[in-house]
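# Structure assessment
One letter stands for each residue in the lines below.
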Amino acid sequence: MDITSLFAVGSKDIAKAYNQTAIAKEHAEDYNKGNFESLLNTAIKNINTTNGYLSDAEDEEIKWALGETENTHDLTVALSKASTALNYTVAIRDRVLDAYKEIMQIQI
């Protein structure tokens with residue numbers, strides 16, 4: 001693999017990747033606890049992460065529109081992350097609503 005294209009990777013990018021890995025481990029630990037509180041906290045963290053990605057994408061769009069950056073790669077990456085995170089969040093929401101509807105239809 002040719003790594004010459006990675007010349008713009010800085011310590012900020014490495015720290016961000018490390019933090020995302022730490023967040024993923026924290027989510028896994030919360031999920032393994034198995035209680036509703038941890039599930040709810042994980043859902044809230046995922047929503048906050050999605051909001052962060054959407055905000056980052058919007059910031060990149062504004063920078064590009066104002067001509068502050070000519071790097072379309074950062075814009076594309078930010079938009080892709082935001083789109084994927086939003087699609088994931090919507091899919092989870094749909095599954096939760098379907099489960100809720102099924103629970104509500106159970107006759108006691």
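Computed from a predicted structure; not experimentally measured.

Attention shifts here to helix α3 (residues 72-104). Compared with an ideal rise of 1.5 Å per residue, which puts 33 residues at 48 Å, α3 spans 48 Å between its outermost C-alpha atoms and is within 8% of the ideal. If you check which residues of α3 are buried, you get Leu75, Ala78, Ala82 and Ala85. Put simply, Asn71 is the residue that caps the front of α3, since its side-chain oxygen is 3.0 Å from the backbone nitrogen of His73.

Parts of the prediction with low pLDDT should not have their coordinates interpreted in detail. When the pLDDT values of the protein are averaged, the result is 80; 70% of them are 70 or greater. Averaged pLDDT values for the elements of the protein fall to 63 in helix α1 (residues 11-33) and rise to 91 in α3.

Taken together, Asp56, Glu58, Asp59 and Glu61 make up a surface patch of like negative charges. Following the sequence through the fold, Glu61 ends up in helix α2 (residues 36-66). For Glu61, a relative accessible area of 38% corresponds to the partly exposed category.

Right, let's get into the pattern of salt bridges. Across all of its chains, the model carries one salt bridge by this definition. Taking the shortest distance from any N to any O, the salt bridge between Arg93 and Asp94 comes out at 2.8 Å. Owing to a relative accessible area of 46%, Arg93 belongs among the partly exposed residues under this scheme.

The subject of this paragraph is the nonpolar core. Counting five residues, the largest nonpolar core consists of Tyr53, Ala57, Ala78, Ala82 and Ala85. Counting only elements with at least two residues in this core, the list comes to α2 and α3. For Ala85, the residues in contact, after removing those within four places along its chain, are Thr50 and Tyr53.

About the cut-offs
Residues numbered from 1 in each chain as written. Predicted model: local features only at pLDDT ≥ 70, side-chain atom pairs only at ≥ 80, totals over all residues. Heavy atoms only, no water. Helix = DSSP H or I, 4+ residues; strand = E, 2+ residues; numbered from the N terminus. Expected span 1.5 Å × (residues − 1). Buried < 20%, exposed > 50% of the residue type's maximum accessible area, 1.4 Å probe, protein only. Polar contact = N/O pair within 3.5 Å; in protein donor to acceptor, adjacent residues only side chain to side chain. pLDDT = per-residue confidence, 0-100. Patch = residues over 30% accessible without salt bridge, like charges linked within 9 Å, V, L, I, M, F, W, Y side chains within 5 Å. Areas by Shrake-Rupley, 256 points an atom, 1.4 Å probe, with all protein chains shown as cover. Salt bridge = Lys/Arg side-chain N within 4 Å of Asp/Glu carboxyl O. Lys, Arg positive; Asp, Glu negative; His and termini not counted. Charge placed at Lys NZ, Arg CZ, Asp CG, Glu CD. Core = buried A, V, L, I, M, F, W, Y, C linked by side-chain atoms within 4.5 Å. Contact = heavy atoms within 4.5 Å.

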